[in-house]
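# Chains, contacts and geometry: an overview
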Amino acid sequence: MAETRLDWPRLLDEALTVPGNLGNTYNRFWDYSLTNCLLFRIQGLHEPVASYRRWQSLGRHVVQGARAKEVIVPVLVKEKPPEEETLDEKRERVARLIGFKVVNAVFGYSDTEGKELPEPPTPRWDLQQALAKFGIREVPYDSVDGNMQGYSRGLEFAINPMAVNRTRTTFHEIGHIILGHTTALSAGEFLPHRGLREFEAEATSYLVGNELGIADDAWSAHSRGYIQHWLHNEQPPDTSIRRVCRAAEAVLKAGRVALEGE
């Protein structure tokens, strides 16, 4: 796949200028406090966590016999209303926090069942072949954060089992790795340059997905929204754009499966 079929400069220009939409990708799960996250770890949870109703809203149901895990919740009491209170005052009156308590009210991902979304086929391209050529390995997701889609460290990456689009996130994390964002030397510089690096990883995923013909409207809209969010609508330098194109070409070439006779 030395030559691409699509106009990559046009695609990148669209990613930078056409409005995108992140939807509810990063707010489907409750943002638990650090204390609760530590409590989940103590209970042996290393996966997305949610309440019974939240799992239902996400299309999964808690399996019979699963035991609810502990979570710290606030205790609120409603202030006694005054004898005379207008409707606006009633709406503005809030409950008063008097403390916290521990209740058994959340379940881990492995406590649930649901229909798994099939991964889109990639004719003439194989993910496992690409990973082997790069020396990259996928490892189990090890976080209670259900909103984080995935992460990468060194030559390893993990994908949230509840990722909105597993394939898009996989290409994004592979992009981080082959762009050199996850090396020990680069890790210390990641946060100061995170916006640019998130652009490079997502733009790599965007180009690869389009080139393989699997980036649908939702994928493309998310990529545009993600890129514009991290760049704050600024133009990336030409060096970053060239890095993105090289990374996307490397991913496509590494996974390319030749047909018999080629």
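One can find the structure itself at the top, above this paragraph.
Residues numbered from 1 in each chain as written. Predicted model: local features only at pLDDT ≥ 70, side-chain atom pairs only at ≥ 80, totals over all residues. Heavy atoms only, no water.

## What about the overall build of the protein?
Stated precisely, the cut-off is as follows: The way it works is that DSSP assigns letters per residue, a run of H or I at least four long becomes a helix, a run of E at least two long becomes a strand, and they are numbered from the N terminus. Think of it in three bands: with a 1.4 Å probe and only protein chains considered, a residue is buried below 20% of the maximum accessible area for its type, exposed above 50%, and partly exposed in between. Any two residues whose heavy atoms approach within 4.5 Å are treated as being in contact. Areas reported here follow the Shrake-Rupley algorithm with a probe of radius 1.4 Å; residue values treat only the protein chains shown as occluding.
A count of helices and strands for the protein gives 10 helices and eight strands. When each of the 262 residues of the protein is scored for burial, the buried share is 42%. By sequence separation, contacts in the protein at least 24 residues apart represent 73% of the contacts at least 6 residues apart. A total of about 15400 Å² of accessible surface is found on the protein, and carbon and sulfur atoms cover 53% of it.

## Some remarks on the pattern of salt bridges
Convention followed: Only one rule defines a salt bridge in this text: a Lys or Arg side-chain nitrogen within 4 Å of an Asp or Glu carboxyl oxygen.
Summed over the entire model, instances satisfying the criterion amount to nine salt bridges. Through salt bridges with shared partners, a single network forms among Glu 119, Glu 138 and Arg 166.

## Quick notes on the nonpolar core
Convention followed: In this description, a nonpolar core means a group of buried Ala, Val, Leu, Ile, Met, Phe, Trp, Tyr and Cys residues linked to one another through side-chain atoms lying within 4.5 Å.
Formed by 33 residues in total, the largest nonpolar core has its most connected members in Phe 199 and Leu 207. Mapped by element, the contributors of at least two residues to this core are α1 (8–17), α5 (127–134), β8 (156–159), α6 (166–178), α8 (194–211), α9 (217–231) and α10 (238–255). Top element by residues in this core is α10. It accounts for six residues.

## Comments concerning the sheet that holds β8
Filter applied, for reference: At least two bridges found by DSSP between two strands is the condition for calling them paired.
Read across the sheet, three strands follow the order β6-β8-β7 without closing on themselves; strand pairing throughout is mixed. Edge positions in the sheet fall to β6 (137–138) and β7 (150–153), since each has one partner strand and no second. Pairing of β7 with β8, which is carried by four bridges, proceeds in the antiparallel orientation. Residue pairing across strands places Tyr 151 opposite Ala 158, the latter belonging to β8.

## Description of the packing of aromatic side chains
The condition is simple: Only Phe, Tyr and Trp rings are paired, with Trp represented by its six-membered ring, and only when their centres lie within 6.5 Å; those with planes under 30 degrees apart are stacked, over 60 edge-to-face, the remainder tilted.
Enumeration according to the criterion identifies nine aromatic pairs in this entry. Taking 5.4 Å as the distance between ring centres and 75° as the angle between the ring planes, the aromatic pair formed by Trp 125 and Phe 171 counts as edge-to-face. Pair noted here: Trp 125 is in the loop between β5 (112–114) and α5 and Phe 171 is in helix α6, with a separation of 46 residues, a long-range link. According to the relative accessible area criterion, Phe 171 is buried, its value standing at 4%. Relative to Trp 219, the ring of Phe 171 lies with its centre 6.3 Å away and its plane at 40°, an arrangement referred to as tilted. Taken together, the residues span a long stretch of sequence, with Phe 171 in helix α6 and Trp 219 in helix α9 at a distance of 48 residues. Of the aromatic side chains, those joined through ring pairs into one cluster are Tyr 26, Tyr 226 and Trp 230.

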